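# Structure assessment
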Amino acid sequence: MGSRGEERRRAGGGAGGLLGRSRRRQQRRPGMGPPGSRGSSTARGSLQHLLLFLLFIGPFNCFASYSRATELFYSLNEGLPAGVLIGSLARDLRLPMTGGQHPVAAQPPLSFTLASHGLGGQYVQLDNRSGELLTSAVEIDREALCVESSGATVFGEAAAVSSSPSSESCLLLLDVLVLPQEYFRLVKVKIAIRDVNDNAPRFPVPHIRLSVPENAPVNTRLAIEHPALDPDVGTNGVQTYRLRDNYGVFTLDVEENESGERTPYLIVMGPLDRETREEYVTVIIAEDGGTPPLVGSATLTIGISDINDNCPQFSDSQLNVTLYGNSSLGTHVATVHAVDMDLGSNAQITYSYSQKVPQPSRDLFHLDESTGTITLSSKVDGDTPRLHRLIILGNGPGCIPAVITVLVTIIKVMMRPPEVVPRFIANEAEGVVYLKELEPINTPIAFFTIKDPDEKYKVNCYLDGDGPFRLSPYKPYNNEYLLETTKPLDYETQQLYEISVVAWNSEGFHVNKIIKVQVLDDNDNSPVFSQQLIELSIEENNVPNAFLTKLHATDADSGERGQVSYFLGPDAPSYFSLDKTTGVLTVSTQLDREEKEKYRYTVKAVDSGFPPRESIATVTITVLDKNDNSPRFINKDFSFFVPENFPGFGEIGVISVTDADAGQNGWVALSVLNGSDIFVIDTGKGVLRAKVSLDREQQSSYILWIEAVDGGDPALSSTAKITILLLDINDNPPLVLFPQSNMSYLLVLPSTLPGSPITEVYAVDKDTGMNAVIAYSIIGRRGPRPESFRIDPKTGNITLEESLMQNDYGLYRLLVKVSDHGYPEPLHSTVMVNLFVNDTVSNESYIESLLRKEPDISIEEKQPQISIEPTHKKMESASCMPTLVALSIISLGSIALVTGMGIYICLRKGKKHHRADENLEVQIPLNGRINLHMLEKKPMEISNI
């Protein structure tokens, strides 16, 4: 947060107050009066015109522009959040603010504007009214903002970042315009960004290696070339270094140069000896001066370099050796060995004779200057001295030679030993005989001639050593022996034999002739697989070029004959690959167990001999299952037709589902996703059952969703749609909706014409199809002339068949049977239709008492005849009778009309009062559907149409 002490404006340029300078001159231009009251929009609108005007008159009004320039200096920490107050320009410039002592009308509002929204403008927010300068949402990072290498302030912009070579200076420069013109000035705002300790020291490399010679004196100082870096400055930068473990011989010191950079130095505090310890490994820690301090570390390895501070040394000062006088040339006499504790060239040792060794001894014994081996180089004779003192020097670079004395005593032999003279038949070079393996038995190797130099002693000869060899006299010659094989040689069993041909005389002197036999390899072995049957397994859906195994075959032969190459057999699929050299077997494509589960083919191992030999092994690959197949239903949609009233838990149908995976991945469990309270499914067999009996009249169909889930992990699933359609059975008799009861009745006027509809019987059947086709019939009648009424078997309409006469008055009771056409047996219902023929209803209670009596009606067994064929067929059969029927109807209608009118007039006059007591009027609809909510107590007159 900006320091309030640093934000106070310096008054008069004194030492205290604001860190920068505030230069202001409150001079008003001549002729410019106090401004009127104008809004901020007017001030902003005139900003561009004002700037152009100032640029135009700038050269002519330099003094006025300078007098209007002011500098303000603030400071704040980096990393502050948005909205932190940096400073108030109006207060620090002592500008009059609206709402002060003067009235608002006399004091124009001030406007503060950034001259340019450059790099610096994104870090601050300027309140145009109050002049408060706040931090913005863009966080200030001093290390990213002020790069020390930039070194110069960027001028020519209204807002810029200033950084100088000094690690302490980081300035944010802003140009602020103050308006209106009465208070116009250009304010130079400088904001110093203070560093906070937000970066830890960091070494440029994680591992630092330093070399110190082992003879380095105490207080030797070695600079560490990779010091730690810290972007922070001042005390927040790197201050100190330390070692986690100094081993008692090291410490650290820090030196600071003129630019303030601190370099760590390693100081040797004790003696070093590479032969005691070659390396020290520790951790160097850099720490800054922040609160709390931050640290960084790196591994420091201090290697101790060798110097030539050790000289060769012999373990003994004298070596005594005895040598027989008859020893052959090249006989090993002795070997001297010195040790130097240094490394490399500092430890190189050469051996030489001292100048005190006489020349005859030098000629008799050869000294190898590199190995220190002494051998017999001249033949010992009678004049050779019997004691030789060999002084040998071990020479090292820059060292005093080490000295050892070898005393060689020669034992004189009085007689000469036998001589063994070989003559080789097989190939021989430098004493080594070369034989091919599988050479036949009794292959000759060499002749040996045995001689006695003195020719006075008997010499015998024999073979010493193990091996399939035999040394036998070669007859008929004396002292001639033949060396030959006794069985074939095998290179793979043994490659080198060392045997000795020993000759000795009767005096017991022995002479050995060492023979080395090297067996040469032949391509007599085929490659051998470590396994003849190679059983492999791999999960399906493998990645391409997946590794299967590495084949290994060995060949006991040597050289090229033992080099094995690998090949696939002709029965191997093309997508398997076998590296010829390494024997790595791979598969180039994804395997699918559902496509093929097992592979079996051969591989060959072939050596590089001539002719080549080979062997064959069998590879079997089992593709392991992965749960990569969802269960599959045989059909996407299943439909089952079930008769209604099907018994509970009866088998509705079988849901067939398969899963191509194996084992647990192929186990399938079925479940009902919806309707589980009615339906269940047998997981093992896939049988769908209903828990309860199903009624088509309640619900005619069901749609279920069946889910199949396999046993894999994670499990895969699929769903299928099941449609269950209920087949109707005739389980519902027709339901009579009208008349509503057997106690209702209807008034029929005697004047009703024949053929007129009287009423209807209306019924419904909840079944479907033929089970719901309804037929109406009158199965019982009672009344004065009950046959006067008939019912339509299809519609249930009751019509008057004959004209009503005077003696036809009274109550008619028709028993109507309503029957369906169900299979196997139709169902029916009955209803009583009551018709009261009279002019009026005068005594309702009397009619009701008649209705309460049980009617004596005989049941007719005649079934209703309903033709369900199209009506146009009937019309064809009666197409010739329309004229006759029309004439008959007209004639009968005229006669009936005249007769009826006469009878009606007579009856009304004679029985008017009697009929009035027995009349009951009932209102019913005749055509159309019955309104079941109508009461049958309102009178209605039936008109003849």
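Structural data are supplied above this passage.
As a starting point, this report considers the structure included with it.

Rules and cut-offs
Residues numbered from 1 in each chain as written. Predicted model: local features only at pLDDT ≥ 70, side-chain atom pairs only at ≥ 80, totals over all residues. Heavy atoms only, no water. Pairing = 2+ DSSP bridges. Helix = DSSP H or I, 4+ residues; strand = E, 2+ residues; numbered from the N terminus. Axes fitted to C-alpha atoms, helices over the stretch in contact; angles between N-to-C directions. Core = buried A, V, L, I, M, F, W, Y, C linked by side-chain atoms within 4.5 Å. Buried < 20%, exposed > 50% of the residue type's maximum accessible area, 1.4 Å probe, protein only. Contact = heavy atoms within 4.5 Å.

## Things to note about the sheet that holds strand S38 (residues 564-568)
- Strand order in the open sheet made by the four strands is S35-S42-S41-S38, with mixed pairing throughout. At either margin of the open sheet sits one strand with a lone partner, and together these are strand S35 (533-539) and S38. With direction set aside, neighbouring strand axes in the sheet form an average angle of 30°.
- Here five bridges tie S38 to strand S41 (residues 598-607), and the two strands are oriented antiparallel to one another.

## A closer look at the pairing of strand S12 (residues 250-256)
- As paired strands, S12 and strand S13 (residues 262-268) are joined by seven bridges and run antiparallel to one another. Residue pairing in the sheet places Phe250 in a bridge with Val268 of S13.
- Between the end of S12 and the start of S13, which pair antiparallel, lie five residues, with Gly260 showing a positive phi angle near 90°.

## Section: the nonpolar core
- Judged by nonpolar contacts, the single largest core of 30 residues is most densely connected at Leu89, Phe112, Val124, Leu133, Val176, Val189 and Ile191.
- For this core, the secondary structure elements donating two or more residues are strand S1 (69-77), helix H5 (89-92), strand S3 (111-114), strand S4 (124-126), strand S7 (170-179) and strand S8 (185-194).
- Here the element with the most residues in this core is S7; it accounts for five residues.
- Residue contacts for Ile191: discarding those within four places in its chain leaves Tyr74, Leu76, Ile86, Val124, Leu133, Cys170, Leu171, Leu172 and Leu174.

## Thoughts on the sheet that holds strand S25 (residues 419-424)
- The strand order S25-S28-S31-S30 describes an open sheet built from four strands, whose pairing is antiparallel. For this open sheet the edge positions go to S25 and strand S30 (469-473), each flanked by a neighbour on one side alone. The mean angle between the axes of side-by-side strands here comes to 25°, regardless of whether they run parallel or antiparallel.
- Taken together, the six bridges between S25 and strand S28 (residues 444-451) define a ladder with antiparallel strand orientation. Residue pairing in the sheet places Val421 in a bridge with Thr449 of S28.

## Observations regarding the environment of Leu726
- Checked against the element boundaries, Leu726 lands in strand S51 (residues 717-727).
- Under the relative-accessibility criterion, Leu726 is labelled buried at 7%.
- It is 5.7 Å that separates the C-alpha atoms of Leu726 and Arg696, two residues lying 30 residues apart in sequence.
- For Leu726, the residues in contact, after removing those within four places along its chain, are Val642, Leu694, Asp695, Arg696, Gln699, Ser700 and Tyr702.

By themselves, these observations are geometric and do not establish any function.
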